[in-house]
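Residue-level structural notes
Take a look at the letters that make up each chain.
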Amino acid sequence: MGHQIGGHAHSIQNPVEIEIAEAVTDGDVSWGDPALDKEIGSWVLLAQFDSDDAADMVWGDGGVLYWLIRPQDLAEYRFDRAVFTWQCS
């Protein structure tokens, strides 16, 4: 998959936007709830770092690290509001 800044996340499992939305709502919003859909749509990829043997970076068994952020926070350089998740194959 590769490393990248911005763009669309290359998820290994479920879309990472869903994982982030579920995390920030503390799991209080169920599938099919418009509030969850809205939350899912309010995150964009900030950075993605793939496992990379050449750089001696291996996350789990070939995983990927993801940081997502809300567009407004990105525009305001509020990187402290970015949220992290990771996935493994």
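Everything here concerns the structure above.
Residues numbered from 1 in each chain as written. Predicted model: local features only at pLDDT ≥ 70, side-chain atom pairs only at ≥ 80, totals over all residues. Heavy atoms only, no water.

**Structural notes on the overall build of the protein**
Summing up its helical and strand segments, the protein has three helices and four strands in all. Written out in order from the N terminus, the α and β elements of the protein read β-α-α-β-β-α-β. Here the C-alpha atoms of the protein give a radius of gyration of 14 Å, agreeing with the 12 Å that 2.2 N^0.38 yields for 89 residues. Seen through its C-alpha atoms, the protein measures out along the principal axes to roughly 40 × 30 × 20 Å. Burial analysis of the protein (89 residues in total) assigns 36% to the buried set. Sequence-distant contacts, at least 24 apart, represent 53% of the contacts inside the protein between residues at least 6 apart. Taking the average location of the 4 positive side-chain charges in the protein and that of its 16 negative ones, the two points are 15 Å from each other. (Helix = DSSP H or I, 4+ residues; strand = E, 2+ residues; numbered from the N terminus. Rg over C-alpha atoms; globule rule 2.2 N^0.38 Å. Buried < 20%, exposed > 50% of the residue type's maximum accessible area, 1.4 Å probe, protein only. Contact = heavy atoms within 4.5 Å. Lys, Arg positive; Asp, Glu negative; His and termini not counted. Charge placed at Lys NZ, Arg CZ, Asp CG, Glu CD.)

**Some points on the nonpolar core**
Ranked by size, the top nonpolar core spans nine residues in total: Ala 9, Val 16, Ile 20, Trp 43, Leu 45, Val 64, Tyr 66, Leu 68 and Val 83. Those residues in contact with Leu 45, other than ones at most four positions away along the chain, are Gln 4, Gly 6, Gly 7, His 8, Ala 9, Tyr 66, Trp 67 and Leu 68. Formed by five residues, the second largest nonpolar core is a distinct cluster that contains Ile 18, Ala 21, Val 29 and Ile 40. (Core = buried A, V, L, I, M, F, W, Y, C linked by side-chain atoms within 4.5 Å.)

**Focus on the packing of aromatic side chains**
All chains considered together, the criterion is met by three aromatic pairs. On the basis of an interplanar angle of 55° and a centroid distance of 6.3 Å, the ring pair of Tyr 77 and Phe 79 is categorised as tilted. What makes Phe 79 partly exposed here is its relative accessible area of 42%. By the ring-pair criterion, three or more aromatic residues cluster together here, those being Phe 49, Trp 67 and Phe 84. (Phe/Tyr/Trp six-rings, centres within 6.5 Å; stacked < 30°, edge-to-face > 60°.)

**A closer look at helix 1 (residues 16-24)**
For the α-helix, the turn length of 3.6 residues means that residues three or four positions removed from each other point alike. Among the residues making up helix 1, those that are buried are Val 16, Glu 17, Ile 18, Ile 20 and Ala 21. Of the surrounding secondary structure, the elements contacted by the buried residues of helix 1 are helix 2 (34-40), strand 3 (64-69) and strand 4 (83-87). Following helix 1 by one or two positions, Asp 26 adopts a phi angle in the positive range, close to 55°.

**Remarks on the environment of Glu 22**
Relative to the elements of secondary structure, Glu 22 occurs in helix 1. Sequence separation between Glu 22 and Leu 36 is 14 residues; the distance between their C-alpha atoms is 7.5 Å. Residues contacting Glu 22, with those up to four places away along its chain left out, are Gly 27, Trp 31 and Leu 36.

Geometry only, nothing functional implied.
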